[in-house]
Amino acid sequence: MKYSFGLLGYPLLHSLSPRLHGAALADMHLQGEYRLYAIPPDADGRQTMKRILAEMRAGEVHGLNVTIPHKQTVIEFLDDLSPTAAAIGAVNTILLDSGRLIGDNTDAPGFLADLEQVFPKSRELTNDQQNTPPQALVLGAGGAARAVVYALAQTGWKVMIAARRPAQAEQLAAELKPAVGELWAVPLEDHALRDYCTLARLVVNATSAGMLPDVESCPWPTGLPFPPAAFVYDLVYKPAQTTLLRRARANGLQSANGLGMLIEQAAVALERWTGLPVPRQAMRRAVEGLAASPATQDISLQTND
Ligand code: NAP
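The notes below deal with the structure included here. (Residues numbered from 1 in each chain as written. Predicted model: local features only at pLDDT ≥ 70, side-chain atom pairs only at ≥ 80, totals over all residues. Heavy atoms only, no water.)

Notes on the pattern of salt bridges
Here's step 1: Counted by the stated rule, this structure contains 15 salt bridges.
Here's step 2: Between Glu124 and Lys121 there is a salt bridge whose closest N-O contact spans 3.1 Å. In this pair, Glu124 and Lys121 both sit in helix H5 (residues 121-127), 3 residues apart, roughly one turn of the helix.
Here's step 3: The class for Lys121 is partly exposed, based on a relative accessible area of 34%.
Here's step 4: Residues joined in a network through salt bridges with shared partners are Glu264, Glu271 and Arg280. (Salt bridge = Lys/Arg side-chain N within 4 Å of Asp/Glu carboxyl O. Helix = DSSP H or I, 4+ residues; strand = E, 2+ residues; numbered from the N terminus. Buried < 20%, exposed > 50% of the residue type's maximum accessible area, 1.4 Å probe, protein only.)

Some details on the packing of helix H6 (residues 143-154) against helix H7 (residues 166-180)
For any two helices packed against each other, the geometry comes down to the angle between their axes and how far apart the axes lie.
Here's step 1: Running from amino to carboxyl end, H6 crosses H7 at an angle of 40°, the nearest separation of the two axes being 11 Å. Two packed elements cross with a definite hand, and for H6 against H7 that hand is right-handed. Between H6 and H7, the contacting residues are Ala145, Arg146, Val149, Tyr150, Ala153 and Gln154 on the first element and Leu172, Glu175, Leu176, Ala179 and Val180 on the second.
Here's step 2: Split by residue class, the contact of H6 with H7 holds 8 nonpolar, 1 polar and 2 charged. (Axes fitted to C-alpha atoms, helices over the stretch in contact; angles between N-to-C directions. Left-handed = near helix turned anticlockwise from the far one by under 90°. Contact = heavy atoms within 4.5 Å. Nonpolar A, V, L, I, M, F, W, Y, C, P; charged D, E, K, R; others polar.)

A closer look at the nonpolar core
Here's step 1: Counting 38 residues, the largest nonpolar core has Phe111 and Leu152 as the members making the most contacts within it.
Here's step 2: When residues of this core are traced back to their parent elements, those giving at least two are helix H3 (83-88), helix H4 (107-118), strand S7 (135-139), H6, strand S8 (158-163), H7, strand S10 (202-205) and strand S11 (231-234).
Here's step 3: Considering every element that reaches this core, the biggest residue donor is H6, with 8 residues.
Here's step 4: Non-local contacts of Phe111, meaning those with residues more than four positions away in its chain, are made with Val148, Ala151, Leu152, Val204, Tyr233, Leu235 and Met261.
Here's step 5: The next biggest cluster of nonpolar side chains, apart from the first, holds 25 residues, and it includes Ala24, Leu262, Ala267 and Ala269. (Core = buried A, V, L, I, M, F, W, Y, C linked by side-chain atoms within 4.5 Å.)

Regarding the sheet that holds strand S3 (residues 63-66)
Here's step 1: An order of S2-S1-S3-S5-S6-S4 is seen for the 6 strands of this open sheet, with the pairing classed as mixed. The sheet terminates laterally at strand S2 (31-38) and strand S4 (80-81), the two strands that pair on one side only.
Here's step 2: Lying on the sheet, helix H1 (residues 17-27) is in contact with strand S1 (2-9), S2 and S3; it crosses S2 at an angle near 170°.
Here's step 3: Where helix H10 (residues 259-274) meets the sheet, its contacts fall on S1, S2, S3, strand S5 (93-97) and strand S6 (100-104), and the angle it forms with S5 comes to roughly 10°. (Pairing = 2+ DSSP bridges.)

Remarks on the site of the ligand
Here's step 1: The immediate surroundings of the ligand are formed by 22 residues, with Gly143, Ala144, Arg164, Arg165 and Gly258 found nearest.
Here's step 2: Within the contact set of the ligand, an oxygen atom lies 3.2 Å away from a backbone nitrogen or oxygen of Ala141.
Here's step 3: A distance of 3.2 Å separates an oxygen atom of the ligand from a polar backbone atom of Leu262.
Here's step 4: Coverage of the ligand by the protein amounts to 77% of the 930 Å² it exposes when considered alone.
Here's step 5: Of all elements in the fold, only H6 and H10 reach the threshold of two or more residues within the shell around the ligand.
Here's step 6: When the residues that make up the shell around the ligand are grouped by side-chain class, the tally is 12 nonpolar, 8 polar and 2 charged. (Near = heavy atom within 4 Å. Polar contact = N/O pair within 3.5 Å; in protein donor to acceptor, adjacent residues only side chain to side chain. Areas by Shrake-Rupley, 256 points an atom, 1.4 Å probe, with all protein chains shown as cover.)

Here we look at the sheet that holds strand S9 (residues 184-187)
Here's step 1: Reading across from one edge, S9-S8-S7-S10-S11-S12 is the order of the 6 strands in this open sheet, with parallel pairing throughout. Where the open sheet ends on each side, the last strands, each with one partner, are S9 and strand S12 (255-257). Pairs of neighbouring strands in the sheet enclose a mean axial angle of 20°, with direction left out of account.
Here's step 2: Together, S10, S11 and S12 form the strand contacts of H4, whose direction differs from that of S11 by roughly 140°.
Here's step 3: Along the sheet, H6 contacts S7, S8 and S10; its crossing angle with S7, the most-contacted strand, is approximately 175°.

Things to note about the packing of H1 against H10
Here's step 1: The contact between H1 and H10 brings their axes to 10 Å, and the two run at 50°. Here H10 runs oblique to H1, going by the angle between their axes. The handedness of the crossing between H1 and H10 comes out as right-handed. Within the contact between the two elements, H1 uses Leu20, His21, Ala24 and Leu25 and H10 uses Leu262, Ile263, Ala266, Leu270 and Trp273.
Here's step 2: Here the residues of the contact of H1 with H10 sort into 8 nonpolar, 1 polar and no charged. (Parallel < 35°, antiparallel > 145°, perpendicular 65-115°, else oblique.)

Written out as structure tokens, the structure reads:
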């Protein structure tokens, strides 16, 4: 059998997904391709998306990932959602189940799996029934924040969402509340965070601040001390060392970038499509140097298209 997988998004120039999936398939001795489907968010794009989804329903495509700007708009074309995708309100993976297209979300389990790797104490903190739940501060309230907030709240963190547009944080807190319970929203600014964040054990950057090419940008307010016992996780992985991570390390904090999450969310998707265990190490080897290098901007990926 030759597998056919792909990614729906726009633009897709610098996606690492073909390399990740290509490396895993090779290591698993499976034949297959991973195509990039660059689908603009317009009427022509909707038609193209419908055609590709019809191919999947017919069994010609075996699995699809979805990225910006289609994670929410794709939902209307699907037959059902997994409980995780329904709670988060966004789909990053599409599965075929008896001819039906199921929208799933592997960003949440991917983030949690990597967090437990890089910050093993996270499990200890959330398993500790004697103390109050550990506090996590999530910066940003966009698509990635939805998955991260859901994942953390589900696993016992008390989650505070900080966004530069406080209304966006409040809306996210209100939308996720039915699935995960109480969440807190604060403005992403010095004086608001100063009162709230000192006890945080985890800070997650789910904004795009610091991502190439805007590498000097940092979501953490200048002059605001970092919570002294926090682990700092930056979803951004291009560059590997963001300004936020540099500042956190300079303040003696442990930290990690989002490359592990990228690998995990891809691995979980491939596991769901094939039903087989997926080799994370092979995936990591395929992208580690690339994601670490500023030259990632210039990577031209093989797209099989
Ligand atoms: P998104 O939906 O566009 O949301 C971005 C969020 O960041 C919004 O809340 C936005 O606020 C905020 N923001 C942008 N620049 C900011 C700044 N300078 N200061 C403060 N807030 C700022 O994007 P997304 O899909 O959530 O992705 C966010 C980041 O996560 C991206 O860098 C993406 O590459 C990364 N990501 C990584 C993984 C992984 O596997 N590692 C997975 C998903 C996403 P406004 O709405 O006010 O602009």
